[in-house]
Amino acid sequence: MTDSADSPSFRLAYVPGVTPAKWARIWAERLPDTRLVLLQSSPADADGLLREGAADAAFVRLPVDRAVFSAIPLYTETTVVVVPRDHVITAAEEITLDDLADEVVLHPLDDVIGWERPPGEPAFERPATTEDAIELVAANIGVLVVPQSLARLHHRRDLTYRTLVDAPQSEVALSWPQDATTDLVEDFIGIVRGRTVNSTRGRAQETPAAEQKKDERRKPQPGGAPRRSTAAVARGRSGGAKNSGGAKGAGGAKGAGSRRGTGGGKPRRRS
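Computed from a predicted model, the values in this text were never measured in an experiment.

Undergrad: Can you walk me through the environment of L164 in this structure?
TA: Looking at where L164 falls in the secondary structure, it is placed in strand β10 (residues 159-164). Taking relative accessible area as the criterion, L164 reaches 3% and is therefore assigned buried. Aside from chain neighbours lying at most four places away, what touches L164 is T79, V80, V81, I95, T96, L97, L100 and V145.

Undergrad: Could you clarify how one ought to interpret the pattern of salt bridges in this entry?
TA: One side chain can pair with another of opposite charge once the charged atoms of both are near each other. Tallied over the entire structure, the rule returns six salt bridges. Two residues, R11 and D56, come together in a salt bridge whose shortest N-O distance is 3.0 Å. Note that R11 is positioned in strand β1 (residues 9-14) and D56 in the loop between α2 (43-51) and β3 (57-61), a separation of 45 residues in sequence. The partner of D65 in a salt bridge is R51, with the nearest N and O atoms 3.3 Å apart. Residue D65 is located in the loop between β3 and β4 (69-76), and its partner R51 is located in helix α2; the two are separated by 14 residues in the primary sequence. Exposure remark for D65: the relative accessible area of 31% places this residue in the partly exposed category.

Undergrad: Is there a simple way to explain the nonpolar core in this structure?
TA: A general tendency of soluble globular proteins is for nonpolar side chains to be buried together. Ranked by internal contacts, the top residues of the largest apolar core, which has 32 residues, are F10, L12, W27, F59, L174, W176 and F188. For this core, the elements supplying multiple residues, two or more each, are β1, α1 (21-30), α2, β3, β4, β11 (171-177) and α5 (183-192). If one sorts the elements of this core by residue count, α5 sits on top with five residues. With residues near it in sequence (within four places) discarded, W176 still touches L50, D56, A57, V68, F69, S70, A71, I72, T181, V185 and I189.

Undergrad: Looking at this structure, I do not really get unusual backbone geometry. What am I missing?
TA: Backbone torsion omega between L62 and P63 reads 10 degrees, so that peptide bond is classified as cis. Here P63 lies in the loop between β3 and β4. A positive phi angle is found at N140, which is not glycine, with a value near 60 degrees. For N140, the position within the fold is in the loop between α3 (130-138) and β9 (143-147). N140 gets classed as exposed once you look at its relative accessible area, which sits at 56%.

Undergrad: Where do I start with the pairing of strand β5 (residues 79-84) in this structure?
TA: In regular strands, side chains alternate between the two faces of the sheet. Most of β5 is tucked away, with six of its six residues classed as buried. Where β5 and β10 come together, five bridges link them in antiparallel fashion. Paired with P84 across the bridge in β10 is L159.

Conventions used here
- Residues numbered from 1 in each chain as written.
- Predicted model: local features only at pLDDT ≥ 70, side-chain atom pairs only at ≥ 80, totals over all residues.
- Heavy atoms only, no water.
- Helix = DSSP H or I, 4+ residues; strand = E, 2+ residues; numbered from the N terminus.
- Buried < 20%, exposed > 50% of the residue type's maximum accessible area, 1.4 Å probe, protein only.
- Contact = heavy atoms within 4.5 Å.
- Salt bridge = Lys/Arg side-chain N within 4 Å of Asp/Glu carboxyl O.
- Core = buried A, V, L, I, M, F, W, Y, C linked by side-chain atoms within 4.5 Å.
- Pairing = 2+ DSSP bridges.

See the structure below:
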């Protein structure tokens, strides 16, 4: 389905674990005339949606091909291990990779951690998806290491998870094709970065009235003489009054003393 020119839309893909609801709500408030189309995608397919122009932008997990895509990192997720509720690992709140040394660690084909070498003992075969791996954990076949958002997405009552403190982490980013940075992409970047509704792509714009005011303040005063500030004028007046008063006071005291010395007392009698 193609949107007509009278009904523009912005197509946003997102991978499992990412929840775009907050940004979608802000988009609806700020751009009510442009429909936001949400496209759920697997991690492997998100790249293709952007390359083929089927999506304008996407929430993906890094890394991406920086020669083709721009990306703004948003947050880094905590890595956890999913286990049955009665597993011995649940005795601790946090564990390390060494604690998995004797465990069968499932490594699905859509894994997003990006291991150089997964911890623990490898399973007989790799599950096709994370969802399949969750089923195997529930069947006590092994344990699964995933970003925390995926553990929550695939929550089951018979499973739980614990934080892996020294494991690699998954970073979520907003990505789009470098050669397709449209105005709508810029608008969405502003929303994701938390810019206010009054900002214009991060650059505050002054109104013509504000610019005119600035120009008027820069203009020289009539007559060519620079205009003195109110504070400078006040200092000048204060200084003049002080000097004038000091001279007057000194002169007055001197004159009074002279009069008292000549005619203010009784004449001395001659012997």
